[in-house]
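Structural features, examined
Given next are the chains, with one letter for each unit.
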Amino acid sequence: MTTKIINPYSGDVVAEIKTSTGEDVQVAIGRAVDEKKTLANMPVHERASILTRAADIIALRRQEIAELITHESGKPIRYALGEVNRCTETLMFAADAARSMHGETLQMSAATGGVGKFGYYVRVPVGVVGAITPFNFPLNLVAHKVAPAVAAGCPIVLKPSPDTPLTALKLAEIMHEAGLPAGGLEVVVGDVEVGKALTTDKRVAMLTFTGSPGVAEAISKVVGLRKATYELGGNAATIIERDANLSDALINRLAVGSFAYSGQVCISVQRIYIHASLYDEFKERFVARTKTLSIGDPLAAETEIGPMITPEAAKRVELWVEEAASQGANILCGGKRDGQVMLPTVLENVADHMRVMCHELFGPVVNIIPFDDFEAALAAADASEFGLQAGLYTNDLNKIMRCINTLDVGGVIINDVPTFRVDQMPYGGNKRSGVGREGPRFAIEDMTTLKMVVINHN
């Protein structure tokens, strides 16, 4: 069976590829199992060199790979090029983390029974890793699974999004070109059947999933005692306090944070709380900036807004906006869909119960809300089932610390948007935003297990 990969902007068929079956997944896992000892015993400098060579190859083929991302995902080329750059850094960070993996000696004689003993622990690969990745970063989010697995010495079986598998297949090709043995990275393509076969096979020692909370909950029911990490959704809030400087840089940054890749980013700005004294000015300037965003062919250098991943995704976002309007929200700009392109939309007079406010919207829509009391704004920002990242603009150190200590999120970004991420930082969320952290060093910790060694020298 084959599946057609459709360009979200043109509707053209980009490629037609073979869809994996449950049996194909079993075979791929078997090849990964066969490779376990080879990768576990591979010297760390060799693993690091594979990652470094892969980064170099990707950097040389930057334009080609970025255009592939754009063709299959509809991501504007300016953002696709940025994703390629980030992928090379992710691979290099993983190489560095591989070289710096270490254990620790323990003071055994601190316990009366430990006298005459020498003890230390080391990190060892957990075994075969099963990975499932989404469509929105078809290169870099795949690299965030693959690179730490290679660094840790774990073979990995990857199921990329069925909407964007071509970039993952290209990365696998490059990893093997860089020297990763056959079986070190297996890619299986498909949807529910493939995902079920991957997650239920007990030969997979660890599962790492990026996607929706609902799917994560289903996976968690079959994981059992195996290790798992989940990078899930968000509903990112940004607070702008009264002392913030409403500069052009701030307005532009919030526009990018809200609408980059049509808002199809887990940490896309969805809620902006603005002090009432700044609200009218902010609204006027932010809406004006939103209206200037360039909409068009994702391959054009000037394009900032392209299509959403599927027609169904665009229709859902438009429906949620119409629903909010029927419940009293004001549409300040946008609000409509042009085929698969959802126009950048700003809403006000929103209520917490509206789906555009309390669910993950995952589209180019942002809500603006005035506030008078900082504590109330903190409470509103935190009143979400998600807890991925949040942003705060202020120069007041006390309020900065209050925000850091109050918000139940995985990342607090001060004087920038919550959409900020660099690839070496620990990234992940609380509540329904996930379990565990990514970033090569932190993913390696999850993909390894500690082995304690005690030597009786008495």
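Reference entry: report on the structure contained in this document. Sequence order as written defines the numbering, with residues in each chain counted from 1. Only residues with pLDDT of at least 70 are given local features in this predicted model, and only at 80 or more are side-chain atom pairs given and counted; all residues enter the totals for whole chains, interfaces and linings. In computing side-chain values, all of the structure's heavy atoms are included and hydrogens and water are not.

Note on conventions: DSSP H or I runs of at least 4 residues are helices, E runs of at least 2 residues are strands, and numbering of each starts at the N terminus. If you tally the helices and strands in the chain, you get 16 helices and 22 strands. Taken over C-alpha atoms, the radius of gyration is set against a globule rule of 2.2 Å times the number of residues to the power 0.38. On C-alpha atoms alone, the chain measures out to a radius of gyration of 23 Å, which is about the 23 Å that the 2.2 N^0.38 rule sets for 458 residues. Considered along the principal axes of its C-alpha atoms, the chain spans approximately 75 × 60 × 40 Å. Under the scheme applied here, a residue whose accessible area is under 20% of the maximum for its type counts as buried, over 50% as exposed, and between as partly exposed, the area being computed with a 1.4 Å probe on protein chains only. For the chain, with 458 residues in total, the buried portion stands at 55%. Calculation of accessible area relied on Shrake-Rupley with a 1.4 Å probe; when residues are assessed, cover is drawn exclusively from the protein chains displayed. If you sum the accessible surface of the chain, you get close to 18,500 Å²; carbon and sulfur atoms cover 53% of it. Residues counted as positive are Lys and Arg, residues counted as negative are Asp and Glu, and His and the chain ends are not counted. A single reference atom marks each charge: NZ on Lys, CZ on Arg, CG on Asp, CD on Glu. Charged side chains of the chain number 44 positive and 53 negative; the gap between the two group centres comes to 6 Å.

Another aspect to go through is the nonpolar core. Remark: nonpolar core denotes a set of buried residues (Ala, Val, Leu, Ile, Met, Phe, Trp, Tyr, Cys) joined through side-chain atoms within 4.5 Å. Counting residues in hydrophobic clusters, the biggest one holds 53 residues, and the most contacted among them are Leu51, Ile58, Leu91, Met175 and Leu185. If you list the elements that add at least two residues to this core, you get helix 3 (44-60), helix 4 (62-73), helix 5 (77-99), strand 5 (129-132), helix 6 (140-152), strand 6 (156-159), helix 7 (165-177) and strand 7 (185-187). Sorting elements by how many residues they give to this core places helix 5 first, with 10 residues. Note on contacts: a residue pair qualifies if any of its non-hydrogen atoms lie within 4.5 Å across the two residues. Non-local contacts of methionine 175, meaning those with residues more than four positions away in its chain, are made with Ile50, Leu51, Ala54, Leu91, Val146, Val150, Leu180 and Leu185. Grouped together as the second largest cluster of nonpolar side chains are 42 residues, Ala237, Val356, Leu378 and Cys403 included.

On to the sheet that holds strand 16 (residues 365-371). Here, a strand pair is defined by DSSP locating no fewer than two bridges between the strands. If you trace the seven strands from one edge of the open sheet to the other, you get 12-15-16-11-10-18-19, paired in mixed fashion. Single-partner strands in this sheet number two, and they are strand 12 (330-333) and strand 19 (411-414). Within the sheet, the average angular offset between the axes of one strand and its neighbour, ignoring direction, is 25 degrees. One ladder, built from three bridges, connects strand 15 (residues 345-348) with strand 16; its direction is parallel. Helix axes are fitted to C-alpha atoms over the stretch in contact, other axes to C-alpha atoms as well, and angles between N-to-C directions run from 0 to 180 degrees.

Quick look at the pairing of strand 2 (residues 13-18) now. Here strand 1 (residues 2-6) runs beside strand 2; their pairing, made up of five bridges, is antiparallel. Bridge pairing in strand 2 links threonine 3 to isoleucine 17. Here strand 1 hands over to strand 2 after six residues, with glycine 11 in that stretch at a positive phi of 80 degrees.

At their nearest, the axes of helix 14 (residues 374-382) and helix 15 (residues 397-406) sit 11 Å apart, and the two run at 30 degrees to each other. Taken together, helix 14 and helix 15 sit at an angle that is classed as roughly parallel. Every pair of crossing elements has a handedness; the one defined by helix 14 and helix 15 is right-handed. Contact residues: helix 14 offers Phe374, Glu375, Leu378 and Asp382, while helix 15 offers Lys399, Arg402, Cys403 and Thr406. Any angle that falls under 35 degrees is termed roughly parallel, while one over 145 is termed roughly antiparallel, one within 65 to 115 roughly perpendicular, and all others oblique. A clockwise turn of the near helix away from the far one marks a right-handed crossing, whereas an anticlockwise turn of less than a right angle marks a left-handed crossing.

Time to look at helix 7. Residues that lie three or four places apart on an α-helix share one face, since the helix turns once every 3.6 residues. In a helix, the anticipated span is given by 1.5 Å times the number of residues less one. With 13 residues, helix 7 extends 19 Å from end C-alpha to end C-alpha; this agrees with the ideal 18 Å at 1.5 Å per step. For helix 7, every residue scored as buried is listed here: Pro165, Leu166, Thr167, Ala168, Lys170, Leu171, Ala172, Ile174 and Met175. Among the residues trailing helix 7, glycine 179 stands out with phi positive, at a value near 115 degrees.

On to unusual backbone geometry. For phenylalanine 362, which is not glycine, the phi torsion reads 55 degrees and is therefore positive. Tracing the backbone through its elements, the reader meets phenylalanine 362 in the loop between helix 13 (355-358) and strand 16. Within the chain, asparagine 415 stands out as a residue other than glycine whose phi angle is a positive 60 degrees. The topology assignment puts asparagine 415 in the loop between strand 19 and strand 20 (430-431). Among the residues examined, asparagine 415 registers a relative accessible area of 36% and is labelled partly exposed.

Whenever a carboxyl oxygen of Asp or Glu lies within 4 Å of a side-chain nitrogen of Lys or Arg, that contact is scored as a salt bridge. As enumerated under the stated definition, the model contains 26 salt bridges in all. Residue glutamate 241 is joined to lysine 399 by a salt bridge in which the shortest nitrogen-to-oxygen separation is 2.3 Å. With glutamate 241 in the loop between strand 10 (236-240) and helix 10 (248-259) and lysine 399 in helix 15, this residue pair connects regions lying 158 residues apart in the sequence. When its relative accessible area of 1% is taken as the criterion, glutamate 241 is described as buried. Taking the shortest distance from any N to any O, the salt bridge between arginine 432 and glutamate 385 comes out at 3.6 Å. Of the two residues, arginine 432 is situated in the loop between strand 20 and strand 21 (434-435) and glutamate 385 in the loop between helix 14 and strand 17 (386-387); the sequence distance between them amounts to 47 residues. Note on arginine 432: relative accessible area 30%, which makes it partly exposed. Relative accessible area serves as the criterion here: at 35%, glutamate 385 is assigned to the partly exposed category. One connected set of salt bridges, linked through shared partners, spans Arg61, Glu64, Lys170, Glu173 and Glu177.

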